[in-house]
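Coordinate inspection notes
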Amino acid sequence: MSIIFNEKTNQFHLHTASTSYICEVFNGILAHAYWGKRVKQILPLEQLYKIKNINLAPHDLENSDWYSTDVLLHEFATWGSADLRTPAFHAVYADGSTVTRFRYKGHRILKGKPSLCGLPSTYVNSDDTCETLEIELFDDCKSVSAFLLYSVFEEKDIITRSVRIANGGKESMTLKTVESFCADFPNDNYDMISLYGAWARECHIQRAPLFNGIQAVDSKHGASGPNHNPFVALCSKDATETSGEVFGLALMYSGNFYAGAAVDRYSRTRLLLGLNSFNFEWNLGAGEEFQAPEVIMSYSSEGIGKMSRQFHKIIAKNVCRGKWRDIERPTLINNWEATYFDFNEEKLLNIADAAAELGIDMLVLDDGWFGKRNTDNCSLGDWYENREKLPGGLKGLGEKLNQKGLKFGLWFEPEMVSPDSDLYRAHPDWCLHTANRPRTESRQQLVLDFSRQDVCDYIVKSVSDVLRENPIAYVKWDMNRHMSEAGSALLKAENQREVFHRYILGLYSVLERITTAFPEVLFESCSSGGGRFDAGMFYYMPQTWTSDDSDAVERLYIQEGTSLVYPFRTMGAHISAVPNHQIGRVTPLKLRGDVAMLGQFGFELDLSKMSVEDKELSKKLIAFYKEYGEIIHSGEVYKLASVFEGKSSAFQIISEDKNTVIVFLYNIQGKVGLPSKILKLQNLEANAEYVEITDEKDGTVYGGDALMNVGILQDITHDHASEIRVFKRK
Ligand code: DGJ
């Protein structure tokens, strides 16, 4: 049993294979007691942590050494009464009051895991692999309940958490803050790790010590990234890739979020993650419920690498869904950087011929196939083909591609509308806007109002019609601007601050309808690259275009940062032309291929213009990917060297059956007169022997103990060098 309620201590113990998470009902309050390495039992909170010499705090815990709930460790802190810190819950009631006092009311333990109404969540493949605890907290003055849901994936070392608010009162109330994760740590000696970036520079890793005050990352622009990613971790100051404590949290949500650590005057740390309360309100009528998103919690006492591997496994198997979850996906050629808008059927078929010759599986037709779109100033919303470019239509092109042995993939940007489009002319009120204000354009487009059912229905129909009528095997679902003047023509004044969240609920409902109607189609999400790279999107689409920066060196940073939380199998990664279109850098094809090899592999250049030598090398890269792609994407990832700490990087992947070990080595910048680095491999079988089968080193035998303790030479010393080495257990 992974969830135990101890009636003597009033403690809930949640145990995974190596983690314990414990909370306690203390004077009626749900207090946080412990999160860390697995323990059998702990003392009651009263004896465990103490605090002395308190003043200024409201004195509400008369018979306790704790003195005040203002210093207690909370599990779901509320605003308005004696805890004066940043809350997880803040509401305004019909009488204007803002006090909420949640007290424990009851709990139940369930087998398996319920899904969340309207929101993506982790799911179980069998009820035996997960237990769920639901705790009800109740405010008896306002008859409001908070249902905290904890699910324990024991073998995966993962706990998930979410909260549902139920208004059992007779009047409506306004939710201002509902954070999905809240826990107080008894001290502050941690670093905070988060992922920051920008367009074409997503998911860079930052780590900074906590300080007294609030340290936070967030999004306020309607999508989860790319400025920050909805992920945060606290780690012990000594934590490395392979040692130390790490408390990682990832939010399954694709819109505005907040992740913050607040260190108070007694050096306690409150960690919060959930919806961003900035500009958020939700009117909850009598009898209504509000579901907040789910947080995935990954704790490791063996360093950052283990936290990442746990995230990888849960996202790959319990977040991603559908036919494409487990099987290898097609290699592809995308025409975007090959042609941009300047294509016609003939050009595409020339590229397709070269792709077929190389052994590529699919051609993806990117932006510009619809309406009268020859540049990015028009036609979004008009999802019918441009017959001037494609005389035989999408159907004709698709059939020709299929005859060449290629599948056909297609780009859409369904959440957008161009002011110069038939859709906008017919429905100018269908975009997000605020009355009497200019509608600020970005890339000459506006955002459709997905909080409206009629807009959602229209988009489901337009996309579905194209998918039904044409031989389309893959969809790239793009989203190229974030939100301004985010109001809705249909909502009343008091509901306008619900728009950001209603938009995401609308988006999820559209994605659910389309992806379930077309289960054979592989969906890839994109927001100008990784602008919405989050676990919420992976529930509907199992991969994302990782970044619009396709330069191999930049991708080493972006892909490594992204892999802190998300598995490589979720990352679209393509070989593009040199000089690189975003940064002008010239790198060898081998490096570009070896970097793309980690993700969902493809090309993004004019293959019809490729030299004979490059075609030969490309064939080898594709053949290697087809042989090892499955292992790369289902194996466990170990980071041996970080590009953020030097000019080289290295990953090791161990196959699920532990028989194959693949090592990826990258060197950005060479230095003369320095010895080659030695990299120690990890988690091999010490007594086993491993034979190297990489070309010139073919046949060399290593002991597992030697590979782990002595290591291998990173024998690539020149600029932009890379090598992939394969070892097989004997
Ligand atoms: C942004 C995407 O990230 C690119 O790959 C490409 O699809 C363009 N949009 C097309 O407009």
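Residues numbered from 1 in each chain as written. Predicted model: local features only at pLDDT ≥ 70, side-chain atom pairs only at ≥ 80, totals over all residues. Heavy atoms only, no water.

**Focus on the overall build of the protein**
Within the protein, the secondary structure is distributed over 13 helices and 38 strands. Against the compact-globule benchmark of 27 Å for 730 residues, the protein has a radius of gyration of 27 Å, which places it among compact chains. Looking at the protein residue by residue over its 730 residues, the buried ones come to 62%. Put simply, 69% of the contacts in the protein that link residues at least 6 apart link residues at least 24 apart. Accessible surface, the protein: about 26,700 Å² in total, of which carbon and sulfur atoms supply 49%. The averaged location of the 98 negative side-chain charges in the protein is 1 Å from the averaged location of its 78 positive side-chain charges. (Helix = DSSP H or I, 4+ residues; strand = E, 2+ residues; numbered from the N terminus. Rg over C-alpha atoms; globule rule 2.2 N^0.38 Å. Buried < 20%, exposed > 50% of the residue type's maximum accessible area, 1.4 Å probe, protein only. Contact = heavy atoms within 4.5 Å. Areas by Shrake-Rupley, 256 points an atom, 1.4 Å probe, with all protein chains shown as cover. Lys, Arg positive; Asp, Glu negative; His and termini not counted. Charge placed at Lys NZ, Arg CZ, Asp CG, Glu CD.)

**Observations regarding the site of the ligand**
Residues in contact with the ligand amount to 13 residues; listed here are only the nearest, Asp-366, Asp-367, Lys-476, Asp-478 and Asp-548. At 2.6 Å, a side-chain N or O of Asp-366 approaches an oxygen atom of the ligand. Between an oxygen atom of the ligand and a side-chain N or O atom of Lys-476, the distance comes to 2.7 Å. Coverage of the ligand by the protein amounts to 98% of the 300 Å² it exposes when considered alone. In terms of residue class, the shell around the ligand is made up of 4 nonpolar, 3 polar and 6 charged. (Near = heavy atom within 4 Å. Polar contact = N/O pair within 3.5 Å; in protein donor to acceptor, adjacent residues only side chain to side chain. Nonpolar A, V, L, I, M, F, W, Y, C, P; charged D, E, K, R; others polar.)

**A short note on the nonpolar core**
Of all hydrophobic cores here, the largest spans 194 residues; its most connected members are Ile-165, Leu-175, Trp-369 and Leu-607. Among the elements that make up this core, the one with the highest residue count is helix α8 (residues 499-517) (9 residues). Beyond its immediate stretch of four places on either side in the chain, Trp-369 contacts Phe-343, Trp-383, Tyr-384, Glu-385, Asn-386, Leu-390, Leu-394, Leu-410, Trp-411, Phe-412 and Val-466. With 20 residues, the next largest nonpolar core counts Ala-650, Ile-654, Leu-665 and Leu-679 among its residues. (Core = buried A, V, L, I, M, F, W, Y, C linked by side-chain atoms within 4.5 Å.)

**So, the side chain of His-32**
Mapped onto the elements, His-32 comes out in strand β4 (residues 29-37). His-32 sits in the buried class, given a relative accessible area of 3%. Of the polar contacts made by the side chain of His-32, one reaches the side chain of Glu-75; its length is 2.8 Å. Not counting chain neighbours up to four residues away, the residues in contact with His-32 comprise Tyr-21, Ile-22, Cys-23, Leu-45, Leu-73, His-74, Glu-75, Ala-183 and Asp-184.

**Observations regarding the sheet that holds strand β2 (residues 11-15)**
Here 4 strands make up an open sheet; going across it, the order is β1-β2-β3-β4 and the pairing antiparallel. Edge strands, defined here as strands with exactly one partner in the open sheet, are β1 (3-6) and β4. Here the average twist between neighbouring strands, direction ignored, is 15°. Relative to β2, β1 runs antiparallel, the two sharing 4 bridges. If you follow Asn-6 over to β2, its bridge partner there is Gln-11. (Pairing = 2+ DSSP bridges. Axes fitted to C-alpha atoms, helices over the stretch in contact; angles between N-to-C directions.)

**What to know about the environment of Glu-616**
By secondary structure assignment, the location of Glu-616 is in helix α12 (residues 612-634). Taking the relative accessible area as the measure of exposure, Glu-616 reaches 43% and is therefore partly exposed. When the C-alpha positions of Glu-616 and Leu-358 are compared, they lie 8.2 Å apart, and in sequence the two are 258 residues distant.

**Examining the packing of aromatic side chains**
Ring pairs (aromatic) are described by centroid distance and by the angle formed between their planes. With the rule as written, the count across this model stands at 41 aromatic pairs. Both rings, one in Phe-89 and one in Phe-102, keep their centres 5.2 Å apart while their planes meet at 50°; by these two values the pair is tilted. One end of the pair, Phe-89, is in strand β5 (residues 89-92); the other, Phe-102, is in the loop between β5 and β6 (103-111), with 13 residues separating them in the sequence. The pair Phe-89 / Phe-102 is uniform in exposure class, with both members buried. Here the aromatic rings of Phe-370 and Trp-383 are separated by 4.5 Å at their centres, their planes lie at 45°, and the arrangement is tilted. Linking Phe-370 in the loop between β22 (362-365) and α5 (393-403) with Trp-383 in the loop between β22 and α5, this pair joins segments that are 13 residues apart in sequence. In this structure Phe-370 comes out as buried when scored by relative accessible area, which is 0%. Here the aromatic residues Tyr-21, Trp-35, Tyr-150, Phe-181, Phe-185, Tyr-190, Phe-247 and Tyr-299 are joined through ring pairs into a cluster of three or more. The lysine or arginine in question, Arg-161, covers the ring of Phe-181, its NZ or CZ lying 5.2 Å from the ring centre. (Phe/Tyr/Trp six-rings, centres within 6.5 Å; stacked < 30°, edge-to-face > 60°. Lys NZ or Arg CZ within 6 Å of the ring centre and 35° of its normal.)

**Section: the packing of helix α7 (residues 453-469) against α8**
Packing of α7 against α8 brings their axes to within 10 Å, and their N-to-C directions diverge by 30°. Comparing the axis directions of α7 and α8 gives the class roughly parallel. Handedness of the crossing formed by α7 with α8: right-handed. Seen from α7, the contacting residues are Gln-453, Cys-456, Asp-457, Ile-459, Val-460, Val-463, Ser-464 and Leu-467; seen from α8, they are Gly-506, Val-510, Arg-513 and Ile-514. Class assignment of the residues belonging to the contact of α7 with α8 gives a composition of 7 nonpolar, 3 polar and 2 charged. (Parallel < 35°, antiparallel > 145°, perpendicular 65-115°, else oblique. Left-handed = near helix turned anticlockwise from the far one by under 90°.)

**What about the sheet that holds strand β26 (residues 474-477)?**
The strands that make up a sheet are held in pairs by hydrogen bonds between backbone atoms, and each pair lies either parallel or antiparallel. An order of β21-β22-β23-β26-β27-β28-β29-β30 is seen for the 8 strands of this closed barrel, with the pairing classed as parallel. The sheet shows a mean angle of 30° between the axes of neighbouring strands, taken without regard to direction. Direction of pairing for β26 relative to strand β27 (residues 522-525): parallel, over a ladder of 4 bridges. Counterpart to Val-475 in the pairing with β27 is Phe-523. In the packing of helix α4 (residues 345-358) onto the sheet, the strands contacted are β21 (332-334) and β22, and the crossing angle to β22 comes to about 155°.

**Examining the domain arrangement of the protein**
When the domains of the protein are assigned, the result is domain 1 (3-318), domain 2 (332-633) and domain 3 (640-729). Once you take the C-alpha centre of each, domain 2 and domain 3 turn out to be 34 Å apart. Taken together, the 21 residues of domain 2 in the interface contact 22 residues of domain 3. Across the domain 2/domain 3 interface, buried area totals approximately 1,900 Å², and carbon plus sulfur atoms make up 74% of it. The largest per-residue losses of area from domain 2 upon contact with domain 3 belong to Tyr-557, Glu-560 and Ile-631, which jointly make up 32% of the total buried on that side. (Domains from an automatic or database assignment. Buried area = accessible area lost by both parts, 1.4 Å probe.)

**A look at the pairing of strand β10 (residues 173-185)**
With 12 of 13 residues buried, β10 is to be regarded as a mostly interior element. Where β5 meets β10, 4 bridges bridge the pair, whose relative direction is antiparallel. The partner of Val-92 across the bridge, within β10, is Thr-174. One ladder, built from 6 bridges, connects β10 with strand β17 (residues 269-275); its direction is antiparallel.

**A short note on the side chain of Glu-134**
Tracing the chain through its elements places Glu-134 in strand β7 (residues 131-139). Exposure remark for Glu-134: the relative accessible area of 9% places this residue in the buried category. A polar side-chain atom of Glu-134 sits 3.5 Å from a polar atom in the side chain of Arg-164. For Glu-134, the contacting residues outside a window of four places in its chain are Gly-106, His-107, Arg-108, Phe-147, Leu-148, Leu-149 and Arg-164.

**Remarks on the pattern of salt bridges**
Counting across every chain of the model gives 56 salt bridges. A salt bridge links Asp-83 to Arg-85; its shortest N-O distance comes to 3.0 Å. Taken individually, Asp-83 and Arg-85 each receive the classification buried, so the pair is uniform in this respect. The partner of Asp-326 in a salt bridge is Arg-325, and the shortest N-O contact between them spans 3.1 Å. Exposure remark for Asp-326: the relative accessible area of 35% places this residue in the partly exposed category. Salt bridges sharing common partners tie together Asp-70, Asp-83, Arg-85, Asp-184, Asp-264, Arg-265 and Arg-270. (Salt bridge = Lys/Arg side-chain N within 4 Å of Asp/Glu carboxyl O.)

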